Amino acid sequence: MSRYAAFLRGVNLGKRTVKSAELKATFETLGFTEVKTLLASGNVLFDARSEKGLKQKIETGLEAAFGFPIPIVLRSLDELRAMVAADPFGGVEASDAANLHVMLFDQPIPAGFTQPAVPGDFDVPMMTERELFFLVYKKSDGTYLGRSSLDTEKRLPKGTLVTMRNWNTILKAIA
């Protein structure tokens, strides 16, 4: 058995509501064990025997259960641990002045793609084959950069599956 994390894309927005208890029950119905939802934003930890066909099985099961397609980005717990061990933020920790985020890509990031930093708004301290890490600064009005300001998804090829999470979500997943 291996432990995995499924990061659901585009749930709990408008009418695309997925309650944690129903999500947990759906994963259990699909035959996964040790299922645990993390926060209320579409994160599921679970054990599975094999990764082969896992993503398709989950996406098919979620659509059947909730009535709309729910794409997922899948990572093994070992991959998440390696991500954290790589220290993508160079020792910087979340604070009142800055938030840490990661964009998780389903497939390798398209060749040639770059995410330019915007001084005073956000930095991109690290990019791996399937992750893009952001250090987002608090603005003078007390707000943080909105996702739309990154404009990343508009510059990616259509159909690129990516979802963003606060770094704390990744830390909680491996705890």
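Above this text sits the structure in question.
This write-up is about the structure you can find in this document. (Residues numbered from 1 in each chain as written. Predicted model: local features only at pLDDT ≥ 70, side-chain atom pairs only at ≥ 80, totals over all residues. Heavy atoms only, no water.)

## A word on the pattern of salt bridges
(1) Moving on: Counted under the stated rule, the structure contains seven salt bridges.
(2) Moving on: One salt bridge in this structure joins E28 and K24, with 2.6 Å as the shortest N-O distance. Remark: K24 and E28 occur in helix α1 (residues 20–29); sequence separation between them is four residues, near one turn of the helix.
(3) Moving on: Of the residues examined, E28 reaches a relative accessible area of 39% and is grouped as partly exposed.
(4) Moving on: The salt bridge involving R81 is made with D78; its shortest N-O contact spans 3.3 Å. In this pair, R81 and D78 both sit in helix α3 (residues 77–85), three residues apart, roughly one turn of the helix.
(5) Moving on: Look at R81 and you get partly exposed, because its relative accessible area is 40%. (Salt bridge = Lys/Arg side-chain N within 4 Å of Asp/Glu carboxyl O. Helix = DSSP H or I, 4+ residues; strand = E, 2+ residues; numbered from the N terminus. Buried < 20%, exposed > 50% of the residue type's maximum accessible area, 1.4 Å probe, protein only.)

## Points about the pairing of strand β8 (residues 162–166)
(1) Moving on: Judged by how many residues are buried, β8 sits mostly within the fold: four of five residues are covered.
(2) Moving on: Where strand β5 (residues 98–105) lies against β8, five bridges are found, and the strand directions are antiparallel. Each residue of the ladder has a partner; that of F105, found in β8, is V162. (Pairing = 2+ DSSP bridges.)

## Topic: the packing of α3 against helix α5 (residues 167–174)
Think of two packed helices as two axes; the pair is described by the angle between the axes and how far apart they sit.
(1) Moving on: At a closest axis distance of 10 Å, the pairing of α3 and α5 adopts a crossing angle of 125°. What the angle tells us is that α3 and α5 run oblique. Handedness of the crossing formed by α3 with α5: left-handed. Residues L77, L80, R81, M83 and V84 of α3 form the contact with α5, whose participating residues are W167, I170, L171, A173 and I174. (Axes fitted to C-alpha atoms, helices over the stretch in contact; angles between N-to-C directions. Parallel < 35°, antiparallel > 145°, perpendicular 65-115°, else oblique. Left-handed = near helix turned anticlockwise from the far one by under 90°. Contact = heavy atoms within 4.5 Å.)

## A short note on the sheet that holds β8
(1) Moving on: With antiparallel pairing, four strands are arranged side by side in an open sheet as β6-β7-β5-β8. Single-partner strands in this sheet number two, and they are β6 (122–127) and β8. Neighbour to neighbour, the strand axes of the sheet diverge by 25° on average, direction disregarded.
(2) Moving on: With four bridges connecting them, β6 and strand β7 (residues 131–137) associate as antiparallel partners. Each residue of the ladder has a partner; that of M126, found in β7, is F133.
(3) Moving on: Contacts between α5 and the sheet are confined to β5, β7 and β8, with β8 contributing the most and set at about 80° to the helix.

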